[in-house]
Every structure is written in C-alpha cells, then in structure tokens.
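Tertiary structure, described
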Amino acid sequence: MGMQIELAASDVVILSLAAACLVGTVVLELLRVVLPDIYEWFADHAKVQREIKETGPLLERTLAQNMEQGALRDRRNAERFRLKSQLSRLEVMLTSAERDRVQVWHHLGQQAIGDSLFVARLDNKRLADLSTKDFDSAPVIWRYQNQIRVWAPSEHQARQLLANAYPPQEGYALRELITVSRWTGTSP
C-alpha cells in the first residue's frame, strides 16, 4: 500500500543540515567561479574611473592647445592671404610702372625736304598677351609702349605707310597720329 515514511525531528534536522551543506557547497563553488569575474569587473571599473579622472585635465589641455593652434593657423592664413594680396598689387603696380617707363621707338620712312615728322602710338594686344604669357614665343617689346616716328609728306601718306608696315589684320592698332614738325632742310 503506500509507503509511509516517518521522520523523527532529529532526522529532519540532519537532513536539513545536509541540504544546507549541499547548497552551501554549490554557492561556494559559484562564488569561486564568479567572484574573480566580479572582482575583475570592479577593478576594471575602478581603473576606468581613475583613468577618466586622470585624462580629463589632459584632454582639457589638449583641447585648449588645439584651439590655440587653430587660432594661430587662422591668423597665419589671414596674414599669408594679406601678403599674397599685397604682393599681387605690387606686381601689378611694378608691371604698370615698367610699362609706362619703357618706350620702344620704331622709325618708318626717310627724312626728305618738305616731309613732316609724325609720331604714332601703336599697340598689338595679341602679341602683348602672348609675350606676357610665354616669353619665348613673342617679342618682349609688345609689353611696353610702342611709338613710331614716321616721315611722310602728308598725314594721309603717313597713315598709308603705317598700314602697310603694321597691318590691322595682324593685330596692330594705331592709337594716335600726331604731327610733330615739318623738315625744311635747314638747321635752326
């Protein structure tokens, strides 16, 4: 029929103690395995917290240095831009001064009695641009003021001589033609 177990109070105490010892052994074994991991986690956490506290001031100093370097770089870039702009303006002024200072004179026609001396200003934009960009491909003289002394009996003939010697289709442009004097063959 059924099996009946009768336990005395002392048996219950012994069984309880045995169960408690068994549970205690399991808990101790778990603690033996888990405790180093927990300790390591706490140690790592403490180490990380300590490193954060130690590197905080270093990071702040580094940020301040980076900001100072950035401001210095910006100042240097602004100064470099200012100097480049100033150099560019000076180069333009120098080129302009050189162009205004240097004059190239050409002579056309022969001086004869009754002829007049005309002075003409002549430009060739294509050759001037070419001589500025590539020094070897065009005469340097076209970077400067080119003036021509023309001896001719009349202004019309002077213009004819200029058109034959410096044709407009080749890029030459006559800017002005001024009568300077008439030669009579005698010295003053």
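Structural data are supplied above this passage.
About the thresholds
Residues numbered from 1 in each chain as written. Predicted model: local features only at pLDDT ≥ 70, side-chain atom pairs only at ≥ 80, totals over all residues. Heavy atoms only, no water. Helix = DSSP H or I, 4+ residues; strand = E, 2+ residues; numbered from the N terminus. Contact = heavy atoms within 4.5 Å. Areas by Shrake-Rupley, 256 points an atom, 1.4 Å probe, with all protein chains shown as cover. Salt bridge = Lys/Arg side-chain N within 4 Å of Asp/Glu carboxyl O. Buried < 20%, exposed > 50% of the residue type's maximum accessible area, 1.4 Å probe, protein only. Pairing = 2+ DSSP bridges. Axes fitted to C-alpha atoms, helices over the stretch in contact; angles between N-to-C directions.

1. Digging into the overall build of the chain
Along the backbone of the chain there are three helices and four strands. Seen in sequence order, the chain has helices and strands lined up from the N terminus as α-β-β-α-β-α-β. For the chain, contacts bridging at least 24 residues in sequence account for 77% of all contacts bridging at least 6. When the accessible surface of the chain is totalled, it reaches about 15000 Å², and 60% of it is carbon and sulfur.

2. Considering the pattern of salt bridges
Throughout the structure, instances matching the rule amount to seven salt bridges. Ionic pairing is found between Glu 29 and Arg 32, a salt bridge with its closest N-O pair at 2.5 Å. With a gap of three residues between them, Glu 29 and Arg 32 both fall in helix H1 (residues 9–101), about one helical turn apart. In this structure Arg 32 comes out as exposed when scored by relative accessible area, which is 54%. Residue Asp 123 is joined to Arg 121 by a salt bridge in which the shortest nitrogen-to-oxygen separation is 3.7 Å. Given the relative accessible area of 22%, Asp 123 is considered partly exposed. Since its relative accessible area comes to 29%, Arg 121 is described here as partly exposed.

3. Quick notes on the sheet that holds strand E1 (residues 103–108)
Reading across the sheet, the four strands line up as E1-E3-E2-E4 and stay open at both edges, with mixed pairing between neighbours. Every interior strand has two partners, whereas the edge strands, E1 and strand E4 (172–182), have only one. Each adjacent strand pair in this sheet contributes to an overall mean axis angle of 25°, direction not counted. Taken together, the six bridges between E1 and strand E3 (residues 145–152) define a ladder with parallel strand orientation. Bridge assignment links Gln 103 to a residue of E3, and that residue is Gln 145.

Just geometry here; none of it tells us what the structure is for.
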